[in-house]
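Here's the letter readout for the chains.
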Amino acid sequence: MAAIVCQRQTKRDYPVQPVEFTKVSVTDDFWLPRIETNQKVTIPFAMQQNEETGRVDNFAIAAGLLEGEYKGERYNDTDVYKVMEGAAYTLATNPDPELERSLDELIAVIAAAQEEDGYLFTPRTAAPEKPVVGIGEERWSNLAVSHELYNAGHMYEAAVAHFMATGKRNFLDIAIKNADLLVRTFGPDKLNATSGHQEVEIGLVKLYRVTGNEDYLKLAKYFLDQRGKDLELKIYPEGHRFSIYNEPTQIQAHKPVLEQEEALGHAVRAMYMYAGMADVAALTGSEEYVQAIDRLWENVVNKKMALTGGLGAHHDRERFGENYELPNLTSYNETCAAIGSVFWNYRLFLLHRDAKYMDILERTLYNAVIVGVSLEGNTFFYPNPLASDGKFKFNKGAACRQPWFGTACCPGNLARFIPSMPGYIYAATEDAIYVNLFVSSKAEMNLKGNPVHIEQKTGYPWEGQIAIHVSPDKKMEFKLFVRIPGWAQNRPVPGDLYRYLETLKEKPDLKVNGKSIPLDVVKGYACFYRTWEDGDVVLLDLPMPVRQVQSHPDVVENKGKIALERGPLVYCVEGIDHAGKALDLVLPENPQLSVEFVPDLLNGLVVIKGKVFLDGNIRELRAIPYYAWCHRGVGEMTVWINRKKSSREKTVRHPDN
Ligand SMILES: [Zn+2]
């Protein structure tokens, strides 16, 4: 994916490289419609919102091209950058001269809004004498709150995407001019500071990858290392909207990053920071960085992750809760945090070559990420609770998806993420190919300079049969690593936060050219080391029965409840299918569950059917994938369903308790 790797090979890097999304064409019925909807609906819609809400005009005002006052929040520039990044990704795969021209026009305005020395932050430049609330009187004077560096990071990501897609330097040069200003401004013996909202680190690393300028990598590491020391926080009085930033934990500045062991504070900031740390670890070889992010990952996965992969228990401060504090109705699980978790987990896979990170990534992708945008592509969730009573307006004033938000980070993040999704399917080294996600697709990669084509055919996520056609241009020896998902090996997650109620005896089945191969899974992969030739086929058959999931007993909210899963999908029940009620449903002790593909329901999906108790009566159960909820009106929904426990059954004990 261009999101990580760009053309210039850096000296030290991740041991595995992604096969970029530009080299992968998705042909399936699940992802392709989403990618097309993102291109045809979400990106134009989000750009229109950026125009109508003054976000684009802010650049013109800062440039002196338009009279008027800056509108909106101090981070609104990033909504424009993120949609531009998404648009650039679509240009990379689907050239569109008109879109390219409109991006060029916008880039010209952005260039005009940039100050002489490279500073680019419209909330200040628009009216330096009357700075927007929160940004401080002077440049860089209130970094815990101002988002100056956060805005810069998103600009770098967009500029690199645009350069990679078009080869043009117009946006990239703006980014370089700004990054050079940061290099001149920040550092030991200069201004010692860092940002309250991480993101500039990821952006600087991407800029380093395309330019080879090591100053950018050093500055990314500097900003990370600066956390936990010398951070001057402007103190806001209690009750002030910015007083939350008085607390260093909120912005992960309570300790040096290398000493942090528990995921605390704002979840999106944490994800961007951990992803940035993974980049710095890979590019500098710092073992200390690796140890720190590994510890944080253990904490998140074992104690702080919703079943959907969602992160951040609290609406208050958009932050992580205590260990095992995982509410359902009031959980926050911001869409941006889920996308950040995908960034982080993918980087950890590239670092460690272990499929457990892809297990978390897949769970997050199919559940916590795509639930954030409607099937139509023009309404969005910002928080993603695991239950709704139809009354609590969890989504910034609504109990359903909304077209836009005052703080619109999530729609833009989805707009840029969806087109890059094919970049997570495959990865490669000089002598190995990794098949990480199961999506009908064709991909092209190079092993020691020799072209290899891979084609996947599958009905995933509805069916577990996957055919992988391997076609090297010439006969050659290499390793093919095929991920065997944890869920197919009785392990919904790598840790002990969730477990299946019953152990499935049926095992994944593997064949190479029709011949059965014993299943030998190492670090989550079945590995085939052989001489491949055109026409070779690997068949993987993953059993996909409905599974009942139970939480770790310390998650008090889920006591006496189970959730339903099938393959990578978490299911939920909605009131509309059960006389308006979902929260009061009770599953019988041994539910007889079956599945059915319903082509005309919510773009076609597999539902889970069975019997369920409601108010003492038996009713038909219909569970749908969580990502598809809230398309049929506002109402009750829950992932965790009450369960009637058998009198014979002892309390199900957790293996570690
Ligand atoms: Zn967001």
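*Asks:* Just checking my understanding: could you explain the coordination of the zinc ion for this structure?
*Replies:* Reference values for angles at a metal are 109.5 degrees in the four-donor tetrahedral case and 90 or 180 degrees in the six-donor octahedral case. With distances of 2.1 to 2.3 Å, the protein atoms coordinating the zinc ion are E334 (OE), C336 (SG), C409 (SG) and C410 (SG). The coordination sphere of the zinc ion comprises 4 donor atoms, whose angles at the metal cover 96 to 118°; the geometry is tetrahedral. In primary sequence terms, the donor set of the zinc ion follows E-x1-C-x72-C-C. Of the two residues, C336 sits in helix 13 (residues 335-352) while C409 sits in helix 15 (residues 409-417), which places them 73 residues apart along the sequence. No difference in accessibility class separates C336 from C409, as the two residues are buried.

*Asks:* What should I look at first to understand the environment of A443 in this one?
*Replies:* The topology assignment puts A443 in strand 6 (residues 441-447). Between the C-alpha atoms of A443 and N642, which are 199 residues apart in sequence, the distance is 44 Å.

*Asks:* Just checking my understanding: could you explain the sheet that holds strand 2 (residues 24-26) for this structure?
*Replies:* In any sheet, the strands associate via hydrogen bonds between backbone groups, in a parallel or an antiparallel arrangement. As summarised here, the arrangement of the 7 strands in space is 2-6-7-8-15-11-12, forming an open sheet in which the pairing is antiparallel. Of all the strands in the sheet, the pair left with one neighbour each is strand 2 and strand 12 (515-517). Looking at each pair of strands side by side, their axes are set apart by 20° on average, direction ignored. Inspection of the sheet shows strand 8 (residues 465-472) paired to strand 15 (residues 536-541) by 6 bridges, in the antiparallel sense.

*Asks:* Would you take a moment to explain the side chain of N345 for this structure?
*Replies:* In this fold, N345 is placed in helix 13. Here N345 falls in the buried class, since its relative accessible area comes to 2%. Every residue in contact with N345, bar those within four places of it in the chain, is listed here: W297, Y357, I360 and L361.

*Asks:* Looking at this structure, I do not really get the packing of helix 12 (residues 287-303) against helix 14 (residues 355-369). What am I missing?
*Replies:* Helices that pack against each other are described as a pair by the angle of their axes relative to one another and the distance between those axes. Running from amino to carboxyl end, helix 12 crosses helix 14 at an angle of 45°, the nearest separation of the two axes being 13 Å. In terms of axis orientation, helix 12 runs oblique to helix 14. At the point where helix 12 passes helix 14, the crossing takes the left-handed sense. Residues D294, W297, E298 and V301 of helix 12 lie in contact with helix 14, whose contacting residues are K356, Y357 and I360. Its residues assigned to classes, the contact of helix 12 with helix 14 shows 4 nonpolar, no polar and 3 charged.

*Asks:* Even after reading the chapter, I still don't get a negative patch on the surface, so can you show me in this structure?
*Replies:* On the surface, E444, D473, E533 and D534 cluster together to form a negatively charged patch. Among the secondary structure elements, D473 is positioned in the loop between strand 8 and strand 9 (476-483).

*Asks:* How should the packing of aromatic side chains be read in this particular structure?
*Replies:* The relation between two aromatic rings is expressed through the spacing of the ring centres and the mutual angle of the planes. Under the criterion given, the structure shown has 38 aromatic pairs. Ring plane angle 75° and centroid distance 5.4 Å describe the contact between W31 and Y366, whose orientation is recorded as edge-to-face. Of the two residues, W31 sits in helix 1 (residues 31-52) while Y366 sits in helix 14, which places them 335 residues apart along the sequence. The exposure class assigned to W31 is buried, which follows from its relative accessible area of 0%. Residue classification places Y366 among the buried residues on the basis of a relative accessible area of 1%. The interplanar angle of 25° and the centroid separation of 5.7 Å between the aromatic rings of F478 and W532 together place this pair among those described as stacked. Taken as a pair, F478 in strand 9 and W532 in strand 14 (residues 525-532) lie far apart in primary sequence, 54 residues in all. Grouping residues by exposure puts F478 and W532 together as buried.

*Asks:* Mind showing me how you'd approach helix 11 (residues 267-284) here?
*Replies:* Because the α-helix completes a turn every 3.6 residues, residues three or four places apart line up on one side. Taking 1.5 Å of rise per residue, the 18 residues of helix 11 would be expected to cover 26 Å, and the 25 Å separating its terminal C-alpha atoms lies within 8% of that figure. In terms of burial, helix 11 is a largely internal element, 17 of the 18 residues being buried. Once helix 11 ends, the next one or two residues include G285, with phi positive near 75°.

*Asks:* Looking at this model, I keep getting lost on the side chain of T458. Mind explaining?
*Replies:* Residue position: T458 is located in strand 7 (residues 450-458). A polar contact is formed between the side chain of T458 and the backbone nitrogen of Y460, at a distance of 3.0 Å. A polar contact of 2.9 Å, which involves the side chain of T458, links it to the backbone oxygen of Q465. Setting aside residues up to four positions removed in sequence, T458 forms contacts with F438, V439, S440, E463, Q465 and I466.

*Asks:* Would you mind showing me how to read helix 15 here?
*Replies:* By the criterion of burial, helix 15 is predominantly enclosed, with 9 of the 9 residues buried. Those residues of helix 15 that fall on the buried side of the exposure criterion are C409, C410, P411, G412, N413, L414, A415, R416 and F417. Packed against the buried residues of helix 15 are helix 1, helix 3 (77-93), helix 7 (148-166), helix 11, helix 13 and helix 14.

*Asks:* Even after reading the chapter, I still don't get the pattern of salt bridges, so can you show me in this structure?
*Replies:* A side chain of one charge can pair with a side chain of the opposite charge if their charged atoms are brought near each other. The full count for this structure, using the stated rule, is 33 salt bridges. Across the pair D316 and R317 runs a salt bridge whose closest N-O atoms are separated by 3.7 Å. Classification of D316 by relative accessible area gives partly exposed; the value is 41%. One connected set of salt bridges, linked through shared partners, spans E85, E157, K206 and R416.

*Asks:* Please clarify how empty space enclosed by the protein should be interpreted in this entry.
*Replies:* Empty space left among the atoms is revealed by rolling a probe the size of a water molecule over them. The final tally for this structure, using the stated rule, is 5 cavities of 30 Å³ or more. Considered as a void within the structure, the second largest cavity measures approximately 40 Å³ in volume. Forming the boundary of the second largest cavity are D359, E362, R363, R483, G486, W487, P492 and P568. Of the residues contributing to the lining of the second largest cavity, the split by class is 3 nonpolar, 1 polar and 4 charged.

*Asks:* I keep staring at the sheet that holds strand 5 (residues 432-435) and nothing clicks. Help me out?
*Replies:* Ordered by their spatial adjacency, 6 strands build an open sheet running 1-4-5-9-14-13, and the pairing between neighbours is mixed. In the strand order of this sheet, the two ends are held by strand 1 (17-18) and strand 13 (521-522), each with one partner. The pairing of strand 4 (residues 426-428) with strand 5 spans 3 bridges and is classified as antiparallel. Its bridge partner lying in strand 5, A427 is registered against Y434.

*Asks:* Looking at this structure, how should I read the packing of helix 4 (residues 97-113) against helix 8 (residues 170-185)?
*Replies:* As a packed pair, helix 4 and helix 8 sit with axes 9 Å apart at the nearest point and diverge in direction by 25°. The pairing of helix 4 with helix 8 is recorded here as roughly parallel in orientation. Considering only the axes of helix 4 and helix 8, their crossing is left-handed. Counted together, D104, I107, I110 and A111 of helix 4 and N170, F171 and I174 of helix 8 form the full contact between these two elements. Its residues placed into classes, the contact of helix 4 with helix 8 shows 5 nonpolar, 1 polar and 1 charged.

*Asks:* Is there a simple way to explain the pairing of strand 17 (residues 561-566) in this structure?
*Replies:* Across a regular strand the side chains alternate sides, sitting on one face of the sheet and then on the other. Burial analysis of strand 17 places 5 of its 6 residues in the buried class, the great majority of the element. Pairing geometry for strand 16 (residues 547-551) and strand 17, over 3 bridges, is antiparallel. When the sheet's bridge partners are listed, R547 is paired in strand 17 with E565. Relative to strand 24 (residues 641-643), strand 17 runs antiparallel, the two being bridged by 2 bridges. Following the sheet pairing, K561 is matched in strand 24 by N642.

Scoring rules and cut-offs
- Sequence order as written defines residue numbering, which begins from 1 separately in each chain.
- For this predicted model, a pLDDT threshold of at least 70 governs which residues receive local features, and a threshold of 80 or more governs which side-chain atom pairs are given and counted, while totals over whole chains, interfaces and linings are taken from all residues.
- Here the side-chain values reflect all heavy atoms present in the structure, with hydrogen atoms and water set aside.
- With water excluded from the atoms, a metal site may look incomplete; its donors are any N, O or S atoms within 2.8 Å, or within 3.2 Å for Na, K and Ca.
- Labels for metal geometry use angle windows, namely 85 to 135 degrees for all angles of a four-donor tetrahedral site, and for square planar (four donors) or octahedral (six donors) sites opposite donors over 155 degrees apart plus all others within 65 to 115; sites meeting none of these are irregular.
- Helix and strand assignments come from DSSP, with helices taken as H or I runs of at least 4 residues and strands as E runs of at least 2, each series counted from the N terminus.
- Relative accessibility decides the category of a residue: with a 1.4 Å probe and only protein chains considered, values under 20% of the type maximum give buried, values over 50% give exposed, and everything between is partly exposed.
- Strands were regarded as paired on the criterion that DSSP finds at least two bridges between them.
- Only the stretch in contact is used when a helix axis is fitted, and all axes are lines through C-alpha atoms; the angle between N-to-C directions ranges over 0 to 180 degrees.
- We call two residues in contact when some of their heavy atoms are within 4.5 Å.
- Between 65 and 115 degrees an angle is taken as roughly perpendicular, under 35 as roughly parallel, over 145 as roughly antiparallel, and anywhere else as oblique.
- Each crossing gets its hand from how the near helix is turned against the far one by less than a right angle, where anticlockwise is left-handed and clockwise is right-handed.
- In this count, Pro and Cys sit with the nonpolar residues alongside Ala, Val, Leu, Ile, Met, Phe, Trp and Tyr, while Asp, Glu, Lys and Arg are called charged and the others, Gly among them, polar.
- Patch building starts from residues that exceed 30% relative accessible area and form no salt bridge, then joins like charges within 9 Å and nonpolar side chains (Val, Leu, Ile, Met, Phe, Trp, Tyr) within 5 Å.
- The accessible surface values rely on the Shrake-Rupley method and a 1.4 Å probe; as for residues, cover is taken only from the protein chains in view.
- Between Lys or Arg on one side and Asp or Glu on the other, a salt bridge is scored when a side-chain nitrogen of the former is within 4 Å of a carboxyl oxygen of the latter.
- In this tally Asp and Glu are treated as negative and Lys and Arg as positive; neither His nor the chain ends contributes.
- Note that the charge is assigned to NZ on lysines, CZ on arginines, CG on aspartates and CD on glutamates.
- Paired rings are identified among Phe, Tyr and Trp, the last through its six-membered ring, by centres lying within 6.5 Å, and are further divided according to the angle between planes into stacked (under 30 degrees), edge-to-face (over 60) and tilted (the rest).
- Working rule for helices: expected span equals 1.5 Å times residues minus one.
- Counting of polar contacts relies on pairs of N or O atoms within 3.5 Å, with two restrictions inside protein: one atom must be capable of donating a hydrogen and the other of accepting it, and residues adjacent in sequence are counted only when both atoms are side-chain atoms.
- In the cavity and pocket records, a cavity denotes points on a 1 Å grid over the protein atoms alone where a 1.4 Å probe fits but cannot get out, a pocket denotes an open set with protein on both sides within 12 Å along at least 5 of 7 lines, and lining residues are residues with an atom within 4 Å of a point.
- Grid points are joined across faces, edges and corners, and a volume is the space filled by probe spheres set on the points.

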